[in-house]
Amino acid sequence: MKTTPFTGQHIALGAKMHEFAGYNMPIEYSGILDEHLTVCNAAGVFDVSHMGEFWVKGPQALAFLQKVTSNNVAALVPGKIQYTCFPNEKGGIVDDLLVYHYEPETYMLVVNASNIEKDWNWCVRQNTMGAILENASDRMVQLAVQGPKATELLQQLTDTDLSQIPYYTFQTGTFADVPEVILSNTGYTGAGGFELYFYPEEAPQIWKALFEAGAAYGLKPIGLGARDTLRLEMGFCLYGNDLDDTTSPLEAGLGWITKFVDGKEFIGRQLLERQKAEGLTRKLAGFELLDKGIPRAGYTLTTPDGEPIGTVTSGTLSPTRKIGIGLGYMKPEFAVPGTGIALDVRGRRLRAVVVKPPFRKA
């Protein structure tokens, strides 16, 4: 298995380790519930160094990105970040990702760990215009510091005014005496905070500084288990569960990142335009259980009378709400907030209601 520069620290701290996307990653430390609530109420650090980073540079960088992504990259100015996806020729999703406009004619793509090789091969194959591509995944490290106290904590370690970095923007500055750290106001938890990108050799210094400064804020290391429950409480999609090569961004509720603007002939555009015009046959929606139970991926969603209408893609017991919550694809007429549905759990029919995420109440 691959390791990150922090693998030794995870093991020393007693983390429960497991393979994920080819990496030996921490799943939990003190327990998923404790870690989840720590991020909701204080601050937590996630090692997300397994994520992939590609640079796209040169005069053809924008043309390339307009072709391979669904969102309108031309709307980005340096310092801005955009959530988007790589659509395929069949209207499905190769991956979802972030695009950073680093400087003129230079962009950074942040892709899912499990899709690095797949995404890289896809980009190389689609690069018919000659953009300069660089796979920097092995030369970049990423920590996500998330929670309501995260920004105040991080401000102790940088002269960069973090209050001047709004959501989905970034700056490059000195952090913990390390220069050229990307300070990105993004995250996968809905709890606020920043993601930090830097070189692997700087990892020990940054990790040490974070936990020294974080002691006063209740900072804890957080594993991938709580990362999943946190993202699900916000209704954020996970590739491989809620998104894949067969799900379209329109079906997944990602029409807002699918821009049919003039001059942007992205891969799969015509098919997605036709799907939008003709209407969807399924739609991703959130639901809450009214009966006790825990939804799991693959469970069948039904009408209250038991007629199948869809399938669960993500589900858990909400750590903050103490009820079963989930996402699933279902017939569009049922994917309306307030609609009563049911969940088939090994032959038991549990009452549920369709809701609009996030599930976590502010």
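In the block above lies the structure referred to throughout.
Residues numbered from 1 in each chain as written. Predicted model: local features only at pLDDT ≥ 70, side-chain atom pairs only at ≥ 80, totals over all residues. Heavy atoms only, no water.

Enquirer: What is the right way to read the side chain of Thr-302 from this model?
Expert: On the secondary structure map, Thr-302 appears in strand β15 (residues 300–302). If sequence neighbours within four positions are ignored, Thr-302 has contacts with Glu-307, Pro-308, Ile-309, Ile-341, Ala-342, Asp-344 and Arg-349. (Helix = DSSP H or I, 4+ residues; strand = E, 2+ residues; numbered from the N terminus. Contact = heavy atoms within 4.5 Å.)

Enquirer: I keep staring at the sheet that holds strand β19 (residues 348–355) and nothing clicks. Help me out?
Expert: Two modes of strand pairing occur in sheets, parallel and antiparallel, and in both the strands are linked by backbone hydrogen bonds. Ordered by their spatial adjacency, 6 strands build a closed barrel running β14-β17-β16-β15-β18-β19, and the pairing between neighbours is antiparallel. Across this sheet, the average inter-strand angle for adjacent strands is 45°, counted without regard to direction. Pairing geometry for strand β14 (residues 283–289) and strand β17 (residues 324–330), over 6 bridges, is antiparallel. Residue pairing in the sheet places Phe-287 in a bridge with Gly-326 of β17. (Pairing = 2+ DSSP bridges. Axes fitted to C-alpha atoms, helices over the stretch in contact; angles between N-to-C directions.)

Enquirer: How do you make sense of the packing of aromatic side chains when you look at a structure like this?
Expert: The geometry of an aromatic ring pair comes down to the distance between the two centres and the angle between the two planes. For the coordinates displayed, the defined rule picks out 12 aromatic pairs. Summarising the aromatic geometry, the rings of Phe-6 and Phe-198 are spaced 6.5 Å apart at their centres and angled 75° between planes, so their arrangement reads as edge-to-face. You can see Phe-6 sitting in the segment before α1 (7–12) and its partner Phe-198 sitting in strand β12 (residues 193–198), a full 192 residues away along the chain. The pair Phe-6 / Phe-198 is uniform in exposure class, with both members buried. Judged by centre distance (4.8 Å) and plane angle (45°), the ring pair of Trp-207 and Phe-211 falls under tilted. Of this pair, Trp-207 and Phe-211 both sit in helix α6 (residues 203–214), 4 residues apart, roughly one helical turn. The exposure class assigned to Trp-207 is buried, which follows from its relative accessible area of 8%. (Phe/Tyr/Trp six-rings, centres within 6.5 Å; stacked < 30°, edge-to-face > 60°. Buried < 20%, exposed > 50% of the residue type's maximum accessible area, 1.4 Å probe, protein only.)

Enquirer: Help me out: how do you make sense of the environment of Leu-196 in this one?
Expert: By secondary structure assignment, the location of Leu-196 is in strand β12. Classification of Leu-196 as buried rests on a relative accessible area of 1%. When the C-alpha atoms of Leu-196 and Val-145 are compared, they prove to be 7.9 Å apart, with 51 residues separating the residues in sequence.

Enquirer: Would you explain the packing of helix α2 (residues 32–41) against helix α7 (residues 224–234) in this entry?
Expert: Two packed helices can be described by the angle between their axes and the distance between those axes. Two elements in contact, α2 and α7, have axes whose closest approach is 8 Å; the angle formed by their N-to-C orientations is 55°. Regarding the angle of α2 to α7, the classification is oblique. Handedness of the α2/α7 crossing: right-handed. Here α2 contributes Ile-32, Glu-35, His-36, Val-39 and Cys-40 to the contact with α7, which in turn contributes Gly-225, Ala-226, Thr-229, Leu-230 and Glu-233. (Parallel < 35°, antiparallel > 145°, perpendicular 65-115°, else oblique. Left-handed = near helix turned anticlockwise from the far one by under 90°.)

Enquirer: Got a minute to help me understand the nonpolar core in this structure?
Expert: Soluble, globular proteins show a tendency: their nonpolar side chains are buried together. Core analysis: the biggest nonpolar cluster contains 38 residues, and Tyr-100, Met-108 and Leu-243 have the highest contact counts within it. Those residues in contact with Met-108 that lie beyond four places of it in its chain are Glu-53, Phe-54, Trp-55, Leu-98, Val-99, Tyr-100, Met-140, Ile-182 and Tyr-197. (Core = buried A, V, L, I, M, F, W, Y, C linked by side-chain atoms within 4.5 Å.)

Enquirer: Help me understand the pairing of β12 in this model?
Expert: One face of the sheet, then the other: side chains in a regular strand alternate in exactly this way. Of all 6 residues making up β12, 6 are buried, and the element is well covered by its neighbours. Side chains Gly-193, Glu-195 and Tyr-197 of β12 all project onto a buried face; the interleaved residues Phe-194, Leu-196 and Phe-198 project onto the opposite face, where all are buried too. Pairing of strand β9 (residues 141–146) with β12, which is carried by 6 bridges, proceeds in the antiparallel orientation. Its bridge partner being in β12, Leu-143 is matched across the sheet by Leu-196. The sheet contact formed by strand β11 (residues 178–184) and β12 spans 3 bridges and is antiparallel. Bridge pairing in β12 places Leu-183 opposite Leu-196.

Enquirer: Honestly, the state of the cysteines in this entry has me stumped. Any pointers?
Expert: Here is the idea: a disulfide is a covalent bond, and it sits between the sulfur atoms of two cysteines. Summed over the entire model, instances satisfying the criterion amount to 0 disulfides. We note that Cys-40 lacks a disulfide partner, and the nearest cysteine sulfur, in Cys-237, lies 19 Å from it. Overall, Cys-40 belongs to the buried group, its relative accessible area being 18%. Cys-85 carries a free sulfur, and the closest cysteine sulfur to it, the one in Cys-237, is 10 Å from it. On the accessibility criterion, Cys-85 (0% relative accessible area) is buried. (Disulfide = S-S within 2.5 Å.)

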